[in-house]
2 protein chains.
Amino acid sequence: MTENTPKGRPFDTDLTKRVLAAVRSQLEDYGFVNLSIEKIASEVGCGKTAIYRRWPTKPELVAAAILDTSEIGDLPDTGDVVDDLVEHAWQNLENFRRSEDETGNNGLLLAMFNMDVIPIISESFMQARHAMGREIIARGVKRGQVSSDLDHDLIIDTLAGLTLFRTTLKPDTRVRTDDEIKATYRSLVRSLIGDPR
Amino acid sequence: MTENTPKGRPFDTDLTKRVLAAVRSQLEDYGFVNLSIEKIASEVGCGKTAIYRRWPTKPELVAAAILDTSEIGDLPDTGDVVDDLVEHAWQNLENFRRSEDETGNNGLLLAMFNMDVIPIISESFMQARHAMGREIIARGVKRGQVSSDLDHDLIIDTLAGLTLFRTTLKPDTRVRTDDEIKATYRSLVRSLIGDPR
DNA sequence: ACAATAACGAAACGATACGTTGTGTTGCAC
DNA sequence: GTGCAACACAACGTATCGTTTCGTTATTGT
(Lines give C-alpha, C1' and ligand atoms only; values in the text may rest on other atoms or scores of the structure.)
Protein backbone atom coordinates (compact mmCIF):
# COMPACT_ATOMS: atom_id res chain seq x y z
CA MET A 1 0.00 0.00 0.00
CA THR A 2 1.62 3.21 -1.12
CA GLU A 3 -1.68 4.88 -0.30
CA ASN A 4 -1.40 8.20 1.41
CA THR A 5 -4.26 8.56 3.80
CA PRO A 6 -3.91 12.09 5.16
CA LYS A 7 -3.39 12.23 8.90
CA GLY A 8 -4.62 14.90 11.21
CA ARG A 9 -6.93 17.83 10.60
CA PRO A 10 -7.40 18.53 6.88
CA PHE A 11 -6.97 21.90 5.17
CA ASP A 12 -9.98 24.16 5.17
CA THR A 13 -10.60 24.43 1.41
CA ASP A 14 -12.99 27.31 1.88
CA LEU A 15 -10.29 29.25 3.71
CA THR A 16 -7.91 28.52 0.84
CA LYS A 17 -10.35 30.03 -1.64
CA ARG A 18 -10.97 33.09 0.50
CA VAL A 19 -7.27 33.75 0.86
CA LEU A 20 -6.64 33.54 -2.88
CA ALA A 21 -9.57 35.84 -3.58
CA ALA A 22 -8.29 38.36 -1.03
CA VAL A 23 -4.83 38.22 -2.60
CA ARG A 24 -6.29 38.99 -6.02
CA SER A 25 -8.26 41.88 -4.64
CA GLN A 26 -5.19 43.38 -2.97
CA LEU A 27 -2.97 42.84 -6.01
CA GLU A 28 -5.53 44.73 -8.03
CA ASP A 29 -5.47 47.69 -5.68
CA TYR A 30 -1.91 47.81 -4.44
CA GLY A 31 0.27 45.64 -6.67
CA PHE A 32 2.81 43.01 -5.72
CA VAL A 33 5.09 45.27 -3.73
CA ASN A 34 2.44 46.68 -1.44
CA LEU A 35 0.54 43.45 -0.97
CA SER A 36 0.71 42.58 2.71
CA ILE A 37 0.25 39.02 3.86
CA GLU A 38 -0.60 40.32 7.31
CA LYS A 39 -3.40 42.41 5.83
CA ILE A 40 -4.67 39.37 3.92
CA ALA A 41 -4.79 37.34 7.11
CA SER A 42 -6.68 39.97 9.05
CA GLU A 43 -9.06 40.57 6.15
CA VAL A 44 -9.85 36.88 5.75
CA GLY A 45 -9.91 36.39 9.50
CA CYS A 46 -7.20 33.78 9.80
CA GLY A 47 -3.70 33.58 11.17
CA LYS A 48 -0.58 34.17 9.11
CA THR A 49 0.44 30.60 9.78
CA ALA A 50 -2.54 29.27 7.85
CA ILE A 51 -1.20 31.10 4.79
CA TYR A 52 2.46 30.18 5.19
CA ARG A 53 1.47 26.56 5.72
CA ARG A 54 0.07 26.52 2.18
CA TRP A 55 2.47 28.79 0.31
CA PRO A 56 5.94 29.21 1.76
CA THR A 57 6.72 32.57 0.15
CA LYS A 58 4.94 35.63 -1.17
CA PRO A 59 5.77 34.95 -4.85
CA GLU A 60 4.33 31.44 -4.59
CA LEU A 61 1.20 32.79 -2.96
CA VAL A 62 0.81 35.36 -5.73
CA ALA A 63 1.44 32.79 -8.45
CA ALA A 64 -1.22 30.55 -6.92
CA ALA A 65 -3.71 33.43 -6.84
CA ILE A 66 -3.07 34.18 -10.51
CA LEU A 67 -3.27 30.57 -11.66
CA ASP A 68 -6.44 30.15 -9.65
CA THR A 69 -8.34 32.44 -12.03
CA SER A 70 -6.48 31.61 -15.21
CA GLU A 71 -8.36 29.25 -17.45
CA ILE A 72 -6.56 27.06 -19.93
CA GLY A 73 -9.80 26.92 -21.87
CA ASP A 74 -11.06 24.40 -24.37
CA LEU A 75 -9.20 23.81 -27.60
CA PRO A 76 -11.17 25.63 -30.30
CA ASP A 77 -12.09 23.29 -33.14
CA THR A 78 -14.55 24.88 -35.51
CA GLY A 79 -13.04 23.45 -38.67
CA ASP A 80 -11.70 26.84 -39.71
CA VAL A 81 -8.20 27.75 -38.63
CA VAL A 82 -8.95 31.48 -38.70
CA ASP A 83 -11.90 31.12 -36.37
CA ASP A 84 -9.88 28.86 -34.11
CA LEU A 85 -6.94 31.26 -33.86
CA VAL A 86 -9.22 34.21 -33.22
CA GLU A 87 -10.89 32.24 -30.45
CA HIS A 88 -7.50 31.27 -29.07
CA ALA A 89 -6.39 34.91 -28.95
CA TRP A 90 -9.71 35.83 -27.42
CA GLN A 91 -9.19 33.32 -24.61
CA ASN A 92 -5.87 35.00 -23.85
CA LEU A 93 -7.53 38.38 -23.67
CA GLU A 94 -10.26 37.06 -21.43
CA ASN A 95 -7.69 35.69 -19.02
CA PHE A 96 -6.01 39.08 -18.87
CA ARG A 97 -9.24 41.03 -18.66
CA ARG A 98 -10.66 38.91 -15.85
CA SER A 99 -8.41 40.88 -13.53
CA GLU A 100 -8.90 44.31 -15.02
CA ASP A 101 -10.50 47.00 -12.92
CA GLU A 102 -12.94 49.63 -14.18
CA THR A 103 -10.15 52.03 -15.12
CA GLY A 104 -8.37 49.48 -17.31
CA ASN A 105 -5.54 48.94 -14.86
CA ASN A 106 -4.48 45.40 -14.26
CA GLY A 107 -2.49 44.91 -11.10
CA LEU A 108 -2.92 41.16 -11.14
CA LEU A 109 -1.43 40.81 -14.59
CA LEU A 110 1.45 43.09 -13.66
CA ALA A 111 2.15 40.94 -10.61
CA MET A 112 3.08 38.15 -12.98
CA PHE A 113 6.13 40.08 -14.17
CA ASN A 114 8.30 39.15 -11.25
CA MET A 115 11.47 37.09 -11.32
CA ASP A 116 10.04 34.60 -8.86
CA VAL A 117 6.51 34.45 -10.27
CA ILE A 118 7.15 34.15 -14.01
CA PRO A 119 8.78 30.71 -13.89
CA ILE A 120 5.79 29.26 -12.04
CA ILE A 121 3.18 30.72 -14.39
CA SER A 122 5.24 29.98 -17.45
CA GLU A 123 5.75 26.35 -16.58
CA SER A 124 2.21 25.54 -15.59
CA PHE A 125 0.24 27.81 -17.92
CA MET A 126 2.03 29.61 -20.74
CA GLN A 127 3.52 26.44 -22.13
CA ALA A 128 0.15 24.73 -22.18
CA ARG A 129 -1.42 27.70 -23.96
CA HIS A 130 1.35 27.72 -26.52
CA ALA A 131 0.85 24.00 -27.17
CA MET A 132 -2.82 24.68 -27.85
CA GLY A 133 -1.85 27.24 -30.44
CA ARG A 134 0.44 24.75 -32.11
CA GLU A 135 -2.33 22.16 -32.22
CA ILE A 136 -4.76 24.62 -33.82
CA ILE A 137 -2.27 25.42 -36.56
CA ALA A 138 -1.31 21.78 -37.05
CA ARG A 139 -4.95 21.00 -37.75
CA GLY A 140 -5.09 23.91 -40.16
CA VAL A 141 -2.11 22.51 -42.01
CA LYS A 142 -3.76 19.10 -42.20
CA ARG A 143 -6.84 20.73 -43.71
CA GLY A 144 -4.72 22.62 -46.21
CA GLN A 145 -5.69 26.01 -44.76
CA VAL A 146 -2.19 26.87 -43.60
CA SER A 147 1.11 26.37 -45.37
CA SER A 148 3.56 24.25 -43.44
CA ASP A 149 6.30 26.60 -44.60
CA LEU A 150 5.09 29.30 -42.24
CA ASP A 151 6.74 29.90 -38.87
CA HIS A 152 4.03 28.55 -36.60
CA ASP A 153 5.63 29.72 -33.37
CA LEU A 154 5.81 33.20 -34.81
CA ILE A 155 2.08 33.23 -35.48
CA ILE A 156 1.25 32.12 -31.96
CA ASP A 157 3.69 34.48 -30.25
CA THR A 158 2.61 37.42 -32.37
CA LEU A 159 -1.01 37.01 -31.35
CA ALA A 160 -0.13 36.59 -27.69
CA GLY A 161 2.30 39.50 -27.83
CA LEU A 162 -0.26 41.93 -29.19
CA THR A 163 -2.66 41.10 -26.39
CA LEU A 164 0.08 41.36 -23.79
CA PHE A 165 1.40 44.66 -25.11
CA ARG A 166 -1.95 46.34 -25.32
CA THR A 167 -3.02 45.08 -21.91
CA THR A 168 0.09 46.17 -20.04
CA LEU A 169 2.29 48.82 -21.58
CA LYS A 170 -0.23 50.66 -23.65
CA PRO A 171 -3.11 51.71 -21.44
CA ASP A 172 -4.99 52.73 -24.53
CA THR A 173 -7.43 55.55 -24.09
CA ARG A 174 -9.46 54.28 -27.02
CA VAL A 175 -12.50 52.30 -26.09
CA ARG A 176 -12.94 49.29 -28.31
CA THR A 177 -15.95 47.06 -28.38
CA ASP A 178 -15.55 43.32 -28.22
CA ASP A 179 -16.59 43.09 -31.84
CA GLU A 180 -13.93 45.57 -32.89
CA ILE A 181 -11.28 43.62 -31.02
CA LYS A 182 -12.37 40.34 -32.56
CA ALA A 183 -12.34 41.91 -36.01
CA THR A 184 -8.81 43.13 -35.32
CA TYR A 185 -7.69 39.66 -34.32
CA ARG A 186 -9.35 38.25 -37.41
CA SER A 187 -7.61 40.63 -39.73
CA LEU A 188 -4.28 40.01 -38.01
CA VAL A 189 -4.67 36.24 -38.21
CA ARG A 190 -5.46 36.50 -41.91
CA SER A 191 -2.33 38.53 -42.50
CA LEU A 192 -0.22 36.06 -40.55
CA ILE A 193 -1.34 32.95 -42.37
CA GLY A 194 -1.41 34.69 -45.74
CA ASP A 195 -5.14 34.21 -46.19
CA PRO A 196 -6.23 35.95 -49.41
CA ARG A 197 -9.66 36.75 -47.88
CA MET B 1 15.15 88.32 -15.55
CA THR B 2 13.47 85.04 -14.76
CA GLU B 3 16.91 83.42 -14.94
CA ASN B 4 17.41 80.67 -12.43
CA THR B 5 21.02 80.62 -11.37
CA PRO B 6 21.34 77.61 -9.09
CA LYS B 7 22.34 78.46 -5.53
CA GLY B 8 24.53 76.37 -3.26
CA ARG B 9 26.53 73.25 -3.94
CA PRO B 10 25.54 71.60 -7.22
CA PHE B 11 24.65 67.95 -7.72
CA ASP B 12 27.55 65.62 -8.31
CA THR B 13 26.67 64.38 -11.80
CA ASP B 14 29.19 61.59 -11.58
CA LEU B 15 27.54 60.34 -8.41
CA THR B 16 24.19 60.42 -10.19
CA LYS B 17 25.55 58.21 -12.95
CA ARG B 18 27.12 55.77 -10.52
CA VAL B 19 23.88 55.42 -8.56
CA LEU B 20 21.82 54.70 -11.68
CA ALA B 21 24.37 52.14 -12.85
CA ALA B 22 24.32 50.43 -9.45
CA VAL B 23 20.52 50.36 -9.52
CA ARG B 24 20.54 48.66 -12.91
CA SER B 25 23.06 46.12 -11.71
CA GLN B 26 20.97 45.27 -8.66
CA LEU B 27 17.72 45.11 -10.61
CA GLU B 28 19.38 42.63 -12.90
CA ASP B 29 20.40 40.39 -10.03
CA TYR B 30 17.60 40.79 -7.51
CA GLY B 31 14.61 42.42 -9.21
CA PHE B 32 12.52 45.34 -8.05
CA VAL B 33 11.30 43.80 -4.82
CA ASN B 34 14.72 42.89 -3.47
CA LEU B 35 16.46 46.03 -4.62
CA SER B 36 17.70 47.82 -1.52
CA ILE B 37 18.40 51.52 -1.61
CA GLU B 38 20.61 51.10 1.44
CA LYS B 39 22.73 48.55 -0.43
CA ILE B 40 22.96 50.92 -3.40
CA ALA B 41 24.22 53.70 -1.15
CA SER B 42 26.86 51.57 0.52
CA GLU B 43 27.94 50.11 -2.81
CA VAL B 44 28.33 53.51 -4.41
CA GLY B 45 29.81 54.94 -1.24
CA CYS B 46 27.31 57.70 -0.61
CA GLY B 47 24.61 58.44 1.92
CA LYS B 48 20.97 57.51 1.44
CA THR B 49 20.12 61.21 1.52
CA ALA B 50 22.04 61.79 -1.72
CA ILE B 51 19.69 59.32 -3.42
CA TYR B 52 16.44 60.51 -1.88
CA ARG B 53 17.36 64.08 -2.73
CA ARG B 54 17.28 63.14 -6.43
CA TRP B 55 14.44 60.61 -6.53
CA PRO B 56 11.83 60.78 -3.79
CA THR B 57 10.67 57.15 -4.04
CA LYS B 58 11.96 53.76 -5.11
CA PRO B 59 9.73 53.52 -8.21
CA GLU B 60 10.97 56.89 -9.43
CA LEU B 61 14.56 55.82 -8.88
CA VAL B 62 13.96 52.62 -10.81
CA ALA B 63 12.19 54.43 -13.63
CA ALA B 64 15.12 56.83 -13.90
CA ALA B 65 17.58 53.94 -14.05
CA ILE B 66 15.60 52.31 -16.86
CA LEU B 67 15.14 55.49 -18.87
CA ASP B 68 18.83 56.25 -18.45
CA THR B 69 19.77 53.31 -20.70
CA SER B 70 16.76 53.40 -23.00
CA GLU B 71 17.49 55.02 -26.32
CA ILE B 72 14.75 56.59 -28.39
CA GLY B 73 16.97 56.06 -31.40
CA ASP B 74 17.02 57.79 -34.75
CA LEU B 75 14.03 57.62 -37.03
CA PRO B 76 14.89 55.04 -39.70
CA ASP B 77 14.50 56.53 -43.18
CA THR B 78 15.92 54.24 -45.85
CA GLY B 79 13.23 54.92 -48.41
CA ASP B 80 11.78 51.43 -47.95
CA VAL B 81 9.02 51.00 -45.40
CA VAL B 82 9.89 47.35 -44.77
CA ASP B 83 13.50 48.15 -43.95
CA ASP B 84 12.39 51.02 -41.75
CA LEU B 85 9.92 48.92 -39.76
CA VAL B 86 12.43 46.11 -39.33
CA GLU B 87 14.92 48.63 -38.02
CA HIS B 88 12.28 50.11 -35.73
CA ALA B 89 11.51 46.70 -34.27
CA TRP B 90 15.21 46.02 -33.96
CA GLN B 91 15.69 49.18 -31.93
CA ASN B 92 13.01 47.94 -29.53
CA LEU B 93 14.79 44.64 -29.14
CA GLU B 94 18.10 46.34 -28.56
CA ASN B 95 16.60 48.43 -25.80
CA PHE B 96 15.30 45.29 -24.14
CA ARG B 97 18.46 43.29 -24.69
CA ARG B 98 20.73 45.98 -23.32
CA SER B 99 19.70 44.81 -19.87
CA GLU B 100 19.74 41.08 -20.49
CA ASP B 101 22.16 38.94 -18.57
CA GLU B 102 24.06 35.95 -19.95
CA THR B 103 21.24 33.54 -19.08
CA GLY B 104 18.62 35.54 -20.98
CA ASN B 105 16.93 36.83 -17.85
CA ASN B 106 16.02 40.45 -17.82
CA GLY B 107 15.41 41.84 -14.37
CA LEU B 108 15.60 45.42 -15.55
CA LEU B 109 12.85 44.95 -18.10
CA LEU B 110 10.68 43.15 -15.57
CA ALA B 111 11.12 46.05 -13.16
CA MET B 112 9.19 48.17 -15.62
CA PHE B 113 6.02 46.17 -14.97
CA ASN B 114 5.12 47.95 -11.78
CA MET B 115 2.06 50.09 -11.17
CA ASP B 116 4.21 53.05 -10.18
CA VAL B 117 6.90 52.63 -12.85
CA ILE B 118 4.83 51.98 -15.97
CA PRO B 119 3.21 55.43 -16.13
CA ILE B 120 6.59 57.14 -16.03
CA ILE B 121 8.16 54.98 -18.73
CA SER B 122 5.03 55.05 -20.84
CA GLU B 123 4.70 58.79 -20.81
CA SER B 124 8.32 59.62 -21.52
CA PHE B 125 9.33 56.75 -23.76
CA MET B 126 6.68 54.37 -25.11
CA GLN B 127 4.59 57.15 -26.58
CA ALA B 128 7.60 58.60 -28.37
CA ARG B 129 8.51 55.20 -29.79
CA HIS B 130 4.94 54.68 -30.98
CA ALA B 131 4.97 58.06 -32.69
CA MET B 132 8.12 57.04 -34.56
CA GLY B 133 6.34 53.95 -35.82
CA ARG B 134 3.45 56.05 -37.05
CA GLU B 135 5.82 58.36 -38.88
CA ILE B 136 7.56 55.46 -40.61
CA ILE B 137 4.24 54.11 -41.85
CA ALA B 138 2.98 57.55 -42.85
CA ARG B 139 6.00 57.94 -45.09
CA GLY B 140 5.36 54.49 -46.52
CA VAL B 141 1.82 55.53 -47.36
CA LYS B 142 3.09 58.68 -49.04
CA ARG B 143 5.42 56.57 -51.18
CA GLY B 144 2.59 54.22 -52.08
CA GLN B 145 4.22 51.26 -50.30
CA VAL B 146 1.51 50.91 -47.68
CA SER B 147 -2.24 51.09 -48.08
CA SER B 148 -3.84 53.79 -45.96
CA ASP B 149 -6.69 51.35 -45.32
CA LEU B 150 -4.52 49.29 -42.99
CA ASP B 151 -4.69 49.66 -39.21
CA HIS B 152 -1.39 51.40 -38.63
CA ASP B 153 -1.54 51.20 -34.85
CA LEU B 154 -2.08 47.47 -35.14
CA ILE B 155 1.09 47.07 -37.18
CA ILE B 156 3.17 48.99 -34.68
CA ASP B 157 1.72 47.30 -31.61
CA THR B 158 2.04 43.86 -33.14
CA LEU B 159 5.74 44.33 -33.76
CA ALA B 160 6.33 45.73 -30.30
CA GLY B 161 4.20 43.02 -28.73
CA LEU B 162 6.15 40.18 -30.29
CA THR B 163 9.40 41.57 -28.95
CA LEU B 164 7.91 42.14 -25.53
CA PHE B 165 6.37 38.70 -25.32
CA ARG B 166 9.47 36.84 -26.37
CA THR B 167 11.70 38.89 -24.11
CA THR B 168 9.62 38.47 -20.97
CA LEU B 169 7.14 35.63 -20.80
CA LYS B 170 8.78 33.17 -23.13
CA PRO B 171 12.34 32.59 -22.01
CA ASP B 172 12.92 30.72 -25.23
CA THR B 173 15.48 27.98 -25.09
CA ARG B 174 16.13 28.32 -28.81
CA VAL B 175 19.18 30.34 -29.66
CA ARG B 176 18.53 32.64 -32.56
CA THR B 177 21.17 34.60 -34.39
CA ASP B 178 20.68 38.28 -35.02
CA ASP B 179 20.21 37.52 -38.70
CA GLU B 180 17.47 35.00 -37.96
CA ILE B 181 15.68 37.48 -35.77
CA LYS B 182 15.89 40.21 -38.38
CA ALA B 183 14.61 37.80 -41.02
CA THR B 184 11.69 36.99 -38.74
CA TYR B 185 10.86 40.67 -38.29
CA ARG B 186 11.12 41.15 -42.05
CA SER B 187 8.75 38.33 -42.80
CA LEU B 188 6.30 39.55 -40.15
CA VAL B 189 6.40 43.11 -41.45
CA ARG B 190 5.70 41.88 -44.95
CA SER B 191 2.69 39.94 -43.73
CA LEU B 192 1.40 42.92 -41.83
CA ILE B 193 1.56 45.40 -44.66
CA GLY B 194 0.39 42.84 -47.23
CA ASP B 195 3.60 43.00 -49.21
CA PRO B 196 3.45 40.42 -52.05
CA ARG B 197 7.24 39.82 -51.69
C1' DA C 1 37.47 87.54 2.22
C1' DC C 2 33.01 86.38 3.74
C1' DA C 3 28.10 85.22 3.80
C1' DA C 4 24.34 82.48 1.88
C1' DT C 5 22.88 78.29 0.04
C1' DA C 6 22.39 73.55 -0.72
C1' DA C 7 24.55 68.99 -1.52
C1' DC C 8 27.34 65.87 1.01
C1' DG C 9 28.26 61.44 4.55
C1' DA C 10 26.90 59.47 8.75
C1' DA C 11 23.75 58.07 12.03
C1' DA C 12 19.47 57.38 14.28
C1' DC C 13 14.51 57.05 13.98
C1' DG C 14 9.46 55.22 13.39
C1' DA C 15 6.78 52.40 10.69
C1' DT C 16 5.85 48.40 8.09
C1' DA C 17 6.42 43.70 6.47
C1' DC C 18 8.55 39.21 5.81
C1' DG C 19 8.99 34.74 7.50
C1' DT C 20 9.66 31.94 11.97
C1' DT C 21 8.55 30.12 16.34
C1' DG C 22 5.83 28.75 20.32
C1' DT C 23 1.30 28.11 22.81
C1' DG C 24 -2.89 26.15 23.40
C1' DT C 25 -7.18 24.61 20.81
C1' DT C 26 -9.95 22.14 17.38
C1' DG C 27 -11.21 18.74 13.95
C1' DC C 28 -10.64 14.23 11.83
C1' DA C 29 -9.02 9.15 11.47
C1' DC C 30 -8.00 4.96 13.74
C1' DG D 1 -9.50 7.95 23.67
C1' DT D 2 -5.09 8.71 21.20
C1' DG D 3 -2.33 10.69 17.55
C1' DC D 4 -1.77 13.96 14.22
C1' DA D 5 -1.96 18.18 11.92
C1' DA D 6 -4.46 22.50 10.92
C1' DC D 7 -6.22 26.26 13.41
C1' DA D 8 -5.90 31.45 15.85
C1' DC D 9 -3.03 34.23 18.37
C1' DA D 10 1.04 36.39 19.82
C1' DA D 11 5.76 37.42 19.97
C1' DC D 12 10.10 37.54 17.73
C1' DG D 13 14.41 38.77 14.72
C1' DT D 14 15.64 40.83 10.52
C1' DA D 15 15.25 43.91 6.78
C1' DT D 16 13.79 47.93 4.34
C1' DC D 17 11.52 52.27 3.36
C1' DG D 18 11.52 57.05 3.78
C1' DT D 19 12.51 60.93 7.27
C1' DT D 20 15.20 63.72 10.18
C1' DT D 21 19.24 65.75 12.35
C1' DC D 22 24.07 67.03 12.49
C1' DG D 23 28.32 68.79 11.13
C1' DT D 24 31.01 69.37 6.69
C1' DT D 25 32.05 70.85 2.01
C1' DA D 26 31.55 72.96 -2.58
C1' DT D 27 29.76 76.81 -5.26
C1' DT D 28 27.97 81.57 -6.17
C1' DG D 29 27.43 86.47 -5.21
C1' DT D 30 28.85 90.62 -2.72
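Residues numbered from 1 in each chain as written. Chains lettered and ligands numbered in written order. Predicted model: local features only at pLDDT ≥ 70, side-chain atom pairs only at ≥ 80, totals over all residues. Heavy atoms only, no water.

Caption draft 1: How the structure looks around the overall build of chain A. Looking only at helices and strands, chain A features nine helices and zero strands. Going from N to C terminus, chain A has its helices and strands arranged as α-α-α-α-α-α-α-α-α. Counting only contacts in chain A whose residues sit at least 6 apart along the sequence, the fraction spanning at least 24 positions is 71%. Taken as a whole, chain A presents about 10,300 Å² of accessible surface, with 49% of it coming from carbon and sulfur. Separation between the mean location of the 25 positive side-chain charges and that of the 32 negative ones in chain A comes to 3 Å. (Helix = DSSP H or I, 4+ residues; strand = E, 2+ residues; numbered from the N terminus. Contact = heavy atoms within 4.5 Å. Areas by Shrake-Rupley, 256 points an atom, 1.4 Å probe, with all protein chains shown as cover. Lys, Arg positive; Asp, Glu negative; His and termini not counted. Charge placed at Lys NZ, Arg CZ, Asp CG, Glu CD.)

Caption draft 2: Structural view of the protein's contact with DNA strand C. In the region of DNA strand C, 28 residues are neighbours, and Arg9 and Lys48 of chain A together with Gly8, Arg53 and Arg54 of chain B sit closest. Within 4 Å of the protein, the contacting atoms of DNA strand C are drawn from sugar and phosphate to the extent of 59%. At a separation of 3.0 Å, a phosphate oxygen of DNA strand C approaches a polar backbone atom of Leu35 of chain A. At 2.5 Å, a side-chain N or O of Lys48 of chain A approaches a base oxygen of DNA strand C. Per-element accounting of the surface near DNA strand C gives the leading share, four residues, to helix H3 (residues 48–54) of chain B. Per-class residue counts for the surface near DNA strand C are nine nonpolar, nine polar and ten charged. (Near = heavy atom within 4 Å. Polar contact = N/O pair within 3.5 Å; in protein donor to acceptor, adjacent residues only side chain to side chain. Nonpolar A, V, L, I, M, F, W, Y, C, P; charged D, E, K, R; others polar.)

Caption draft 3: Spotlight on the nonpolar core. Ranked by size, the top nonpolar core spans 75 residues in total, and within it Val19 and Ile51 of chain A together with Val19 and Ile51 of chain B carry the most contacts. Residues contacting Val19 of chain A, with those up to four places away along its chain left out, are Ile40, Val44, Cys46, Ile51, Trp55 and Leu61 of chain A. Ranked by size, the runner-up nonpolar core spans 42 residues in total, among them Val81, Ile155 and Tyr185 of chain A together with Ile193 of chain B. (Core = buried A, V, L, I, M, F, W, Y, C linked by side-chain atoms within 4.5 Å. Buried < 20%, exposed > 50% of the residue type's maximum accessible area, 1.4 Å probe, protein only.)

Caption draft 4: Layout of the relation of the copies chain A and chain B. Here chain A sits on chain B after a turn of 180° about the axis and a move of 0.0 Å along it, with an RMSD of 0.0 Å. Considering both components of the superposition, the chain copies are consistent with a two-fold axis. Of every C-alpha in chain A, the one belonging to Gly161 of chain A sits nearest the axis of rotation, 2.0 Å from it. The fraction of interface residues of chain A whose copies in chain B are also interface residues reaches 100%, indicating that both copies meet through the same surface. (Least-squares fit on C-alpha atoms with pLDDT ≥ 70 in both.)

Caption draft 5: Spatial organisation of the pattern of salt bridges. All told, the structure shown has 28 salt bridges over all chains when counted by the stated rule. For the salt bridge of Asp157 of chain B with Arg166 of chain A, the shortest nitrogen-to-oxygen distance reads 2.7 Å. Of the two residues, Asp157 of chain B sits in helix H8 (residues 152–168) while Arg166 of chain A sits in helix H8 (residues 152–168), which places them in two different chains. Of the two residues, Asp157 of chain B and Arg166 of chain A, both sit in the buried class. Several salt bridges share partner residues, and in doing so they unite Asp77, Glu135, Arg139 and Arg143 of chain A into one network. (Salt bridge = Lys/Arg side-chain N within 4 Å of Asp/Glu carboxyl O.)

Caption draft 6: How the structure looks around the domain arrangement of chain A. Residue and element names in this part refer to chain A. Split into domains, chain A comes out as domain 1 (13–68) and domain 2 (71–193). Here the C-alpha centroids of domain 1 and domain 2 sit 27 Å apart. Opposite the ten residues of domain 1 that make contact, domain 2 presents 15 residues. Of the roughly 1,000 Å² buried between domain 1 and domain 2 on both sides combined, carbon and sulfur atoms contribute 76%. (Domains from an automatic or database assignment. Buried area = accessible area lost by both parts, 1.4 Å probe.)

Caption draft 7: Summary view of the packing of aromatic side chains. Evaluated as defined, the whole model comprises one aromatic pair over all chains. For the pair Phe113 of chain A and Phe113 of chain B, a centre-to-centre distance of 3.9 Å together with 5° between the ring planes defines the contact as stacked. With Phe113 of chain A in the loop between helix H6 (107–111) and helix H7 (118–142) and Phe113 of chain B in the loop between helix H6 (107–111) and helix H7 (118–142), this residue pair bridges two chains. Accessibility expressed as a relative area gives 5% for Phe113 of chain B, which makes it buried. In this arrangement the basic side chain of Lys58 of chain A is found over the ring face of Phe32 of chain A, its NZ or CZ atom lying 5.1 Å from the centre. (Phe/Tyr/Trp six-rings, centres within 6.5 Å; stacked < 30°, edge-to-face > 60°. Lys NZ or Arg CZ within 6 Å of the ring centre and 35° of its normal.)

Caption draft 8: Broad picture of the interface of chain A and chain B. Counting residues at the interface gives 36 residues for chain A and 36 residues for chain B. Taken together, both faces of the contact between chain A and chain B bury some 3,100 Å²; the carbon and sulfur share is 74%. Considering only the surface of chain A that becomes buried against chain B, Phe113, Met115 and Leu169 of chain A emerge as the three largest contributors, covering 22% of it. At the junction of chain A with chain B, the criterion picks out two salt bridges. For the pair chain A and chain B, the number of links is two residue pairs in polar contact (both at pLDDT 80 or more). Ranked by residues supplied to the side of chain A that touches chain B, first place goes to H8 of chain A with eleven residues. Along the lines of polarity and charge, the residues of the side of chain A that touches chain B split into 19 nonpolar, eleven polar and six charged.

Caption draft 9: The protein's contact with DNA strand D, seen in detail. Around DNA strand D, the surrounding shell holds 27 residues, and the nearest of these are Gly8, Arg53 and Arg54 of chain A together with Ile37 and Lys48 of chain B. Counting only atoms of DNA strand D within 4 Å of the protein, the fraction found in sugar and phosphate groups is 67%. A distance of 3.2 Å separates a phosphate oxygen of DNA strand D from a polar atom in the backbone of Asp12 of chain A. One of the side-chain nitrogen or oxygen atoms of Lys48 of chain B is found 2.6 Å away from a base oxygen of DNA strand D. Elements represented by at least two residues in the surface near DNA strand D include exactly helix H3 (48–54) of chain A together with helix H2 (37–44) and H3 of chain B.

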